[in-house]
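Report on the structure
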Amino acid sequence: MARSIPYAARAHMHRPLHPALLWPLSLLVGIALFLLTNLVEPAVPATLNFGTDFAAMSRNLDGYIGSFPHRILSPLLGRGVDEIAHWFGGSIPYWQFAHGCNMVFVAVLFAAANLLGARPWQALLLTATIAFTGAVQLYKGHVGYAEPVTFTLLLGSVLAARRPVLFWSLNLLNVLHHEQILFFWPWLVWWRQQHGARWWHDLLGAALVLGCYAAWRHHVGLHAQQQMLTFRHYLELTRQYFPVGTLGLSALNAMCMLVYFGALPALVVWHAGIQGLRRGVLPLLLFLLCQHAMFGVAHDVYRFTCFLFLPVLLAGVRLLQQPRGALPLAGLGLVSGGAVYLQRPVFAEVGAKVLTDVDANGVPFVRPDIVGDIVPKVIPALPWTFAAYGAALVACVVIGLLWARWTRARSAARTASAT
């Protein structure tokens, strides 16, 4: 007997499109929706910060330059795409490649929604809902950052849950792209177990991936032009952040969930509620724990919050399998898209408080301890803002739980009337 799949109702799953149709259609959807979202958040024609570092790496693959020359996948792909363009007499700079990665992410979102059980038109609705969240919109400005590729490979791992070789191969690519995916391995292994995986497959797969990564990192370390980011560096950050800094980052994350996903956290809570404690609530808490673990080594909360796209996707598929589920999803999508757009000035104000301060002469300066100042200085400086977002998040949780209770009651009533 097949084991239960917590995030999909087998009885209501629809047959996905044939791959020969699904993937070309997904690519068209990815391009079209990305261009549509540009009407709200235009794509910046230049790389930013870490994206600029990746762009420099793609131009000098043999140079092992920068602080993370071991994160080779995106620079390698960007160089390959540009080389292919040269064959046809053109050129694709890294910023265009980065936006292309965002398009591919949207395309894989559509394919994943269909493969997980949504009809094509339902998959389009759900993909459009997520495309207007921070998971896509943020990287219109943070051009070249790692997350669009990380998200795409993460989705591929979710879809490959029953295929251990493909699953761990995708995770190897993801680790070679950016180590942040390691934080989500506990949830991914849990997901595999729900699909009938054997523990020894995952132990062997994880060991092989980590072994390959360690060997590659050692090789790069022998040729790197400057000091690479090391485990000791991250350990030192953890010592600095924990516990006050991590608490502050968690508070920012609670805000960012609403800033970048609007009302969609209520959908995620609803999904966990209808699944129950063991199959819904605990797995969601595990996912959030994986996400929050990153706050122990880095402070780019707005980026890490965007991993919430995955619970939103899984919850959206389940909602679409409910009778007339497209209506509440469309409503949530419209409200959330508008909320994401309107909240940008609010988070800009909070970001300014986090990053800068004013000295005795009124001259702004960057805080020397950004993370450590969030709880003692930033939150007291914006008490009503944080209180309002805290109350809104609590409201999302309450609404989601009440919605789940109502859904279970209706389902029980339909079952009783059928018998």
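So, on to the overall build of the protein chain. Along its length, the protein chain carries 20 helices and two strands. The globule rule puts the C-alpha radius of gyration for 419 residues at 22 Å, and the 22 Å found for the protein chain is close to it. Here the protein chain holds 419 residues, and the buried ones make up 50% of them. Sequence separation of at least 24 residues holds for 77% of the intrachain contacts in the protein chain that already meet a minimum separation of 6. Accessible area for the protein chain stands at about 19,500 Å²; split by element, carbon and sulfur atoms hold 69% of it. Each charge sign in the protein chain was given a centre, from 28 positive and 15 negative side chains, and these centres are 21 Å apart.

We now examine the layout of surface pockets. Over the atoms rolls a probe the size of a water molecule, and in doing so it shows where empty space is left. Here the largest pocket is characterised by a volume of approximately 780 Å³. What lines the largest pocket is a set of 32 residues, among which Arg71, His178, Tyr234, Val297 and Ala298 lie closest to the centre. Elements that contribute at least two residues to the lining of the largest pocket include exactly helix H10 (199-223), helix H11 (231-241) and helix H15 (301-305). The element that contributes the greatest number of residues to the lining of the largest pocket is H11, accounting for seven residues. Approximately 550 Å³ is the volume found for the second largest pocket. In terms of lining residues, the second largest pocket is bounded by 30 residues, among which Leu138, His142, Tyr260, Tyr302 and Phe347 are the most central. Breaking the lining of the second largest pocket down by element, the ones donating at least two residues are helix H6 (134-137), helix H12 (244-261), H15, helix H17 (326-342) and helix H18 (344-355). No other element matches H18, which puts eight residues into the lining of the second largest pocket.

Let us look at the environment of Asp202. For Asp202, the location among the structural elements is in helix H10. Among the residues examined, Asp202 registers a relative accessible area of 3% and is labelled buried. With 34 residues separating them along the chain, Asp202 and Trp168 place their C-alpha atoms 8.1 Å apart. The residues contacting Asp202, other than those within four sequence positions of it, are Trp168, Val189, Arg192, Gln193 and Ala197. Of the polar contacts made by the side chain of Asp202, one reaches the side chain of Trp168; its length is 3.1 Å. At 3.0 Å, the side chain of Asp202 and the side chain of Gln193 are in polar contact.

Let's shift gears to helix H3 (residues 73-87). If you check H3, its first and last C-alpha atoms are 21 Å apart, about what 15 residues at 1.5 Å a residue would give, namely 21 Å. Its buried side turned inward, H3 meets helix H2 (50-59), helix H4 (94-115), helix H7 (147-159) and helix H8 (164-177). One or two residues past the end of H3 sits Gly89, with phi positive at roughly 80°.

Let's shift gears to empty space enclosed by the protein. In the structure shown here, the tally under the stated rule is three cavities of 30 Å³ or more. Taken as a whole, the largest cavity spans an internal volume of roughly 110 Å³. Looking at the largest cavity, it is lined by 17 residues, and the ones nearest its centre are Ala98, Cys101, Gly144, Tyr145 and Pro148. Elements represented by at least two residues in the lining of the largest cavity include exactly H4 and H7. By residue number, the principal contributor to the lining of the largest cavity is H4, which donates six residues. Residues belonging to the lining of the largest cavity are distributed by class as follows: eleven nonpolar, six polar and no charged.

In this structure, Ser26 sits in helix H1 (residues 19-37). Judged by its relative accessible area of 1%, Ser26 falls in the buried class. Leaving out residues up to four positions away in the same chain, Ser26 has contacts with Ala107, Phe110 and Ala111.

Residue position: Phe295 is located in the loop between helix H14 (277-293) and H15. Taking relative accessible area as the criterion, Phe295 reaches 0% and is therefore assigned buried. Among all residues touching Phe295, those that are not within four sequence positions of it are Tyr241, Thr246, Leu249, Ser250, Asn253, Val301 and Phe304.

The rules behind the values
- Residues numbered from 1 in each chain as written.
- Predicted model: local features only at pLDDT ≥ 70, side-chain atom pairs only at ≥ 80, totals over all residues.
- Heavy atoms only, no water.
- Helix = DSSP H or I, 4+ residues; strand = E, 2+ residues; numbered from the N terminus.
- Rg over C-alpha atoms; globule rule 2.2 N^0.38 Å.
- Buried < 20%, exposed > 50% of the residue type's maximum accessible area, 1.4 Å probe, protein only.
- Contact = heavy atoms within 4.5 Å.
- Areas by Shrake-Rupley, 256 points an atom, 1.4 Å probe, with all protein chains shown as cover.
- Lys, Arg positive; Asp, Glu negative; His and termini not counted.
- Charge placed at Lys NZ, Arg CZ, Asp CG, Glu CD.
- 1 Å grid on protein atoms, 1.4 Å probe; cavity = no way out; pocket = protein on both sides within 12 Å on 5 of 7 lines; lining within 4 Å.
- Points joined across faces, edges and corners; volume = space filled by probe spheres on them.
- Polar contact = N/O pair within 3.5 Å; in protein donor to acceptor, adjacent residues only side chain to side chain.
- Expected span 1.5 Å × (residues − 1).
- Nonpolar A, V, L, I, M, F, W, Y, C, P; charged D, E, K, R; others polar.

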